[in-house]
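The residues making up each chain are set out below.
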Amino acid sequence: MKNSCGAILCLALSLATSAGAHSGGRVYPIPELTDEMLEKIQLDDGSVEEWYDLIGEPAMSLVDFRLYGTVPDPSDLDFRIWLAWHGDPDRLYIAFSSSDDVFHESPWSGNDIELQLTIDGNHSGGDGYSNFTFDESEGVWGEAQQYKAMARTATGEPALHAYYTSSSGGRGFISDGSADSWTLFPPYADIGGDIAGENPTITVIELYVTPYDSWQGYDSGPEGAVVTDLTAGEFIGFAIIVSDEDGEDGWYPLTPEAVQTEDPWENLLFLYRADLYLDGLLLSADQAGPRDGSAVESVTWGRIKASLEIKASLEME
């Protein structure tokens, strides 16, 4: 057998060497949006129907998350999260839709559901961004970007905020943010959202952000930023927390099952630790295949399994 690296084998080699930088044993396929598909994505329509049509089933749902280490109750909150990418310009797209039994309008933010997300576009991983002072974390966060997304704020409009956050001494953390950074507006980012109905209340958030290999912070300009070159077959790191506020009943942060620890509080800190990020594999539009039901996941993982078998066979010879 020739020891050559075809497209599928290269994907397997990439899986074996690249995915180890982050946590968990699962890789989340992230399909590509072509230019034609991107024209059908409407961030401000308050609907995720186009995501079902273009991508198929979501990358993540409630079953992938835990609430302080326990399985969440879908009668309280249920949601779906789609992930996709585009290469020119380089952007990560996210769509979120939830059904909430109780809508509590937060007095300081005007909304009930928040998405907190961090993007490590070049999958640099590392030992983590924890236990830095704020001044130190500003430099460290040049390799990743953290955001908070809300479907509606006190002004009645959706909002995307940029943050620096660092855990300090393990359990505590410090943060600073901006709502008017250049990183939050087109062509670098954009957001749309809507909240409708009662019992249940439907919340929709759609957004895109630009990943950077390095940047100088939200109070700088775009001139010194190095945009990540998103490429099919490569990995990105990402972190997502879904927060639900139910008034006097409290604030409920849901964290991915893959990062559960013995201490539920530590689960929240994975937003600030690159070694705990989830792994996302960028699929080309051709690799994604048909977009009916779970075709993206099943076709892709069938190919990955075959690729790993080929790789193992080569190593035995």
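Source: prediction; values computed, not measured.

1. Points about the pattern of salt bridges
This model, assessed by the stated rule, comprises four salt bridges. Two residues, Asp64 and Arg26, come together in a salt bridge whose shortest N-O distance is 2.7 Å. You can see Asp64 sitting in the loop between β2 (60-61) and β3 (65-67) and its partner Arg26 sitting in the loop between α1 (7-18) and β1 (27-30), a full 38 residues away along the chain. Ionic pairing is found between Arg80 and Asp78, a salt bridge with its closest N-O pair at 3.1 Å. Residue Arg80 is classed as partly exposed on the basis of its relative accessible area, which comes to 30%.

2. Some thoughts on the sheet that holds strand β4 (residues 77-87)
Spatially, the five strands line up as an open sheet ordered β2-β4-β5-β11-β10, and their pairing is antiparallel. Looking at which strands have only one partner, the edges of the open sheet turn out to be β2 and β10 (189-196).

3. Things to note about the environment of Leu62
Looking at where Leu62 falls in the secondary structure, it is placed in the loop between β2 and β3. On the basis of relative accessibility, which here comes to 6%, the residue Leu62 falls in the buried class. Along the backbone, Leu62 and Asp78 are 16 residues apart, and their C-alpha atoms lie at a distance of 5.8 Å. Ignoring anything within four residues of it in the chain, the contact list for Leu62 reads Pro72, Asp73, Pro74, Leu77, Asp78, Phe79 and Leu254.

4. Description of the packing of aromatic side chains
Per the counting criterion, the structure on display carries seven aromatic pairs. Summarising the aromatic geometry, the rings of Tyr28 and Phe238 are spaced 5.6 Å apart at their centres and angled 75° between planes, so their arrangement reads as edge-to-face. Here Phe238 lies in strand β14 (residues 235-245) and Tyr28 lies in strand β1, a separation of 210 residues in the sequence. Comparing Tyr28 with Phe238, the two get one shared label, buried. Taking 5.7 Å as the distance between ring centres and 70° as the angle between the ring planes, the aromatic pair formed by Trp182 and Tyr212 counts as edge-to-face. Of this pair, Trp182 sits in the loop between β9 (172-178) and β10 while Tyr212 is found in strand β12 (residues 212-214), placing the two residues 30 residues apart along the sequence. Looking at Trp182, the relative accessible area reads 15%, which means it is buried. One aromatic cluster is present, built from ring pairs that chain together Phe65, Phe79 and Phe96. Positioned above the aromatic ring of Tyr208, the side-chain terminus of Arg91 is 4.0 Å from the ring centre.

The rules behind the values
Residues numbered from 1 in each chain as written. Predicted model: local features only at pLDDT ≥ 70, side-chain atom pairs only at ≥ 80, totals over all residues. Heavy atoms only, no water. Salt bridge = Lys/Arg side-chain N within 4 Å of Asp/Glu carboxyl O. Helix = DSSP H or I, 4+ residues; strand = E, 2+ residues; numbered from the N terminus. Buried < 20%, exposed > 50% of the residue type's maximum accessible area, 1.4 Å probe, protein only. Pairing = 2+ DSSP bridges. Contact = heavy atoms within 4.5 Å. Phe/Tyr/Trp six-rings, centres within 6.5 Å; stacked < 30°, edge-to-face > 60°. Lys NZ or Arg CZ within 6 Å of the ring centre and 35° of its normal.

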